[in-house]
Amino acid sequence: MGTLTPATAERFILDNTALIAPPHVPEIVLHLADEAHDLWQRTEEELAEIGLPPPFWAFAWAGGQGLARYILDHPETVRGRRVLDFASGSGLVAIAAAKAGAAHMVAADIDPFCETAVRLNSRANGVDILFEAADCVGIDKGWDVVLAGDVFYEQPFAERLMPWLVALRRRGALVLVGDPGRAYLPKQGLEKLAAYEVPVTRALEDAEVKRTTVWRID
């Protein structure tokens, strides 16, 4: 791909995705990979060879779909509040929160493609989202609500993440997690708010439907 710039990232995304409504959140459209695009078929090793991180931004993960559904169905959760969507990926959850009336919406991710993906996706949905290209773990900028979709997929990351989320909760933030049964979701300190059956793709998951739960950190 050569040097990554906003222009080259945008061209790559537009060439390798289509505007698709995730099945559990049909109110939103995203630039997603589908079977018609090469990106779907490539392995992480192949992507690394061309200098592309695993394209998490190109898929609507079950945890994000469930959390976005909850936000759209319960807009009072974010309405008028300062909101962070952590590990935003495509920006799905951030877009849902912006549509639900968040006063100040920040999407954060460390993947250099995500800034462009979130910009394109927010534009496609007619919402304004600020992007923060940073690892926010350990940082507190006074958000009222922190949203995290599908983040407990790796043990070291989960062990680093949970103390930060708990600290935010104890400070007074509302912290919501969308999770489709990942192995490293904590077994305690969570209150179940809702559960959904979310259609996903077998190319990414071990089933065609993932039971996804929205949890509030106590």
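It should be noted that the structure appears before, not after, this text.
Quantities reported herein were computed from a predicted structural model and do not represent experimental measurements.

A. Representation of the environment of Leu-14 within the structure. Here Leu-14 lies in helix α1 (residues 6-16). Between the C-alpha atoms of Leu-14 and Leu-185, which are 171 residues apart in sequence, the distance is 34 Å. Aside from chain neighbours lying at most four places away, what touches Leu-14 is His-31 and Leu-120.

B. Spatial organisation of the state of the cysteines. Counted by the stated rule, this structure contains 0 disulfides. The thiol of Cys-114 is unpaired, and the distance to the nearest cysteine sulfur, on Cys-136, comes to 12 Å. Judged by its relative accessible area of 0%, Cys-136 falls in the buried class.

C. Representation of the pattern of salt bridges. Scanning the model with the defined rule gives 11 salt bridges in all. Note that Glu-10 and Arg-119 form a salt bridge whose closest N and O atoms lie 3.1 Å from each other. Of this pair, Glu-10 sits in helix α1 while Arg-119 sits in helix α5 (residues 114-124), and the two are 109 residues apart along the sequence. Its salt-bridge partner being Arg-69, residue Asp-73 comes within 3.0 Å of it at the nearest N-O pair. Of this pair, Asp-73 and Arg-69 both sit in helix α3 (residues 62-73), 4 residues apart, roughly one helical turn. The network of salt bridges with common partners includes Glu-27, Arg-69 and Asp-73.

D. How the structure looks around the packing of aromatic side chains. Inspection of the entire model under this criterion finds 10 aromatic pairs. Pairing Trp-57 with Phe-113 gives two aromatic rings, centres 5.8 Å apart and planes at 10°, and the pair type is stacked. With Trp-57 in the loop between α2 (44-49) and α3 and Phe-113 in the loop between β4 (104-108) and α5, the pair connects residues that are 56 residues apart, well separated along the chain. An aromatic cluster is present here, built from Phe-56, Phe-59, Trp-61, Phe-86, Trp-143, Tyr-153, Phe-157 and Trp-164 joined pairwise through their rings.

E. Spotlight on the layout of surface pockets. The volume enclosed by the largest pocket comes to roughly 780 Å³. If you go around the largest pocket, you meet 34 residues; those closest to its centre are Phe-56, Ala-87, Asp-109, Asp-150 and Tyr-153. Elements with a contribution of two residues or more to the lining of the largest pocket: β3 (82-86), α4 (92-99) and α6 (155-171). Residues that form the lining of the largest pocket fall into these classes: 20 nonpolar, 6 polar and 8 charged.

F. Spotlight on the packing of α1 against α5. Where α1 meets α5, the axes come as close as 9 Å, and the angle between the chain directions of the two elements is 60°. As far as their axial angle goes, α5 and α1 are oblique. Crossing handedness for the pair α1 and α5: right-handed. For the pair α1 and α5, contact is made by Pro-6, Ala-9, Glu-10, Ile-13 and Leu-14 and by Thr-116, Ala-117, Arg-119, Leu-120 and Arg-123, respectively. Residue composition of the contact of α1 with α5, by class: 6 nonpolar, 1 polar and 3 charged.

G. Here's a closer look at unusual backbone geometry. For Ala-87, which is not a glycine, the phi torsion comes out positive at approximately 55°. Mapped onto the elements of the fold, Ala-87 is located in the loop between β3 and α4. Residue Ala-87 is classed as partly exposed on the basis of its relative accessible area of 29%.

Reading the values: rules and limits
Residues numbered from 1 in each chain as written. Predicted model: local features only at pLDDT ≥ 70, side-chain atom pairs only at ≥ 80, totals over all residues. Heavy atoms only, no water. Helix = DSSP H or I, 4+ residues; strand = E, 2+ residues; numbered from the N terminus. Contact = heavy atoms within 4.5 Å. Disulfide = S-S within 2.5 Å. Buried < 20%, exposed > 50% of the residue type's maximum accessible area, 1.4 Å probe, protein only. Salt bridge = Lys/Arg side-chain N within 4 Å of Asp/Glu carboxyl O. Phe/Tyr/Trp six-rings, centres within 6.5 Å; stacked < 30°, edge-to-face > 60°. 1 Å grid on protein atoms, 1.4 Å probe; cavity = no way out; pocket = protein on both sides within 12 Å on 5 of 7 lines; lining within 4 Å. Points joined across faces, edges and corners; volume = space filled by probe spheres on them. Nonpolar A, V, L, I, M, F, W, Y, C, P; charged D, E, K, R; others polar. Axes fitted to C-alpha atoms, helices over the stretch in contact; angles between N-to-C directions. Parallel < 35°, antiparallel > 145°, perpendicular 65-115°, else oblique. Left-handed = near helix turned anticlockwise from the far one by under 90°.

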